[in-house]
Amino acid sequence: ADMNPEWEVANYDEVILYVEEQKLQPKFSKTYGLVGSEDDLIFDASQTVDPDQLGSYPYCTGCKYQWQILEMTTQQPVNFSCLADDDSLEMDLTDSVLMIPEDVLGGSFAC
């Protein structure tokens, strides 16, 4: 037959390949100085790097964010549902930039 003679003695093995996503590399914009009691507090994670991102732009595009604010003594999430009626205290916990209004920081709201 016209068969390759090496086929009869060839070795082979099965290979299983697992592809995993790399973890995001969080980057926060730096703010120098103090945040006063009459200032909003801003966390900016828009410079987070996604090592799996294709192309030359290293920052995470299309990423979904979920900020969570914990109560310092209990380490439980703070319930901000009472702020829903006051637009000046509204916070978007799903954007790359989280702005906490100064009235929230000062505790001038009551739930």
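Please refer to the structure placed before this passage.
Now for a description of the structure that goes with this document. (Residues numbered from 1 in each chain as written. Predicted model: local features only at pLDDT ≥ 70, side-chain atom pairs only at ≥ 80, totals over all residues. Heavy atoms only, no water.)

## Some details on the overall build of the protein
Reasoning step 1: From N to C terminus, the protein includes one helix and two strands.
Reasoning step 2: N-terminal to C-terminal, the α/β element order of the protein is β-β-α.
Reasoning step 3: As displayed, the protein offers around 9,700 Å² of accessible surface, 52% of which is attributable to carbon and sulfur atoms. (Helix = DSSP H or I, 4+ residues; strand = E, 2+ residues; numbered from the N terminus. Areas by Shrake-Rupley, 256 points an atom, 1.4 Å probe, with all protein chains shown as cover.)

## Points about the side chain of Asp50
Reasoning step 1: Among the secondary structure elements, Asp50 is positioned in the loop between β1 (41–44) and β2 (97–100).
Reasoning step 2: Summary of buried charges: Asp50 has no salt-bridge partner, and the nearest side chain of opposite charge, Lys27, is 13 Å away.
Reasoning step 3: Within the structure, Asp50 has its side chain in polar contact with the backbone nitrogen of Asp52 (distance 3.0 Å).
Reasoning step 4: Discounting residues that sit within four places of it in the chain, Asp50 has contacts with Leu24, Pro58 and Cys60. (Buried < 20%, exposed > 50% of the residue type's maximum accessible area, 1.4 Å probe, protein only. Lys, Arg positive; Asp, Glu negative; His and termini not counted. Salt bridge = Lys/Arg side-chain N within 4 Å of Asp/Glu carboxyl O. Polar contact = N/O pair within 3.5 Å; in protein donor to acceptor, adjacent residues only side chain to side chain. Contact = heavy atoms within 4.5 Å.)

## Describing the state of the cysteines
Reasoning step 1: By the definition in use, this model includes one disulfide.
Reasoning step 2: In this model Cys60 forms its disulfide with Cys63; the gap between the sulfur atoms is 1.2 Å.
Reasoning step 3: Cys60 gets classed as buried once you look at its relative accessible area, which sits at 10%.
Reasoning step 4: Since its relative accessible area comes to 25%, Cys63 is described here as partly exposed. (Disulfide = S-S within 2.5 Å.)

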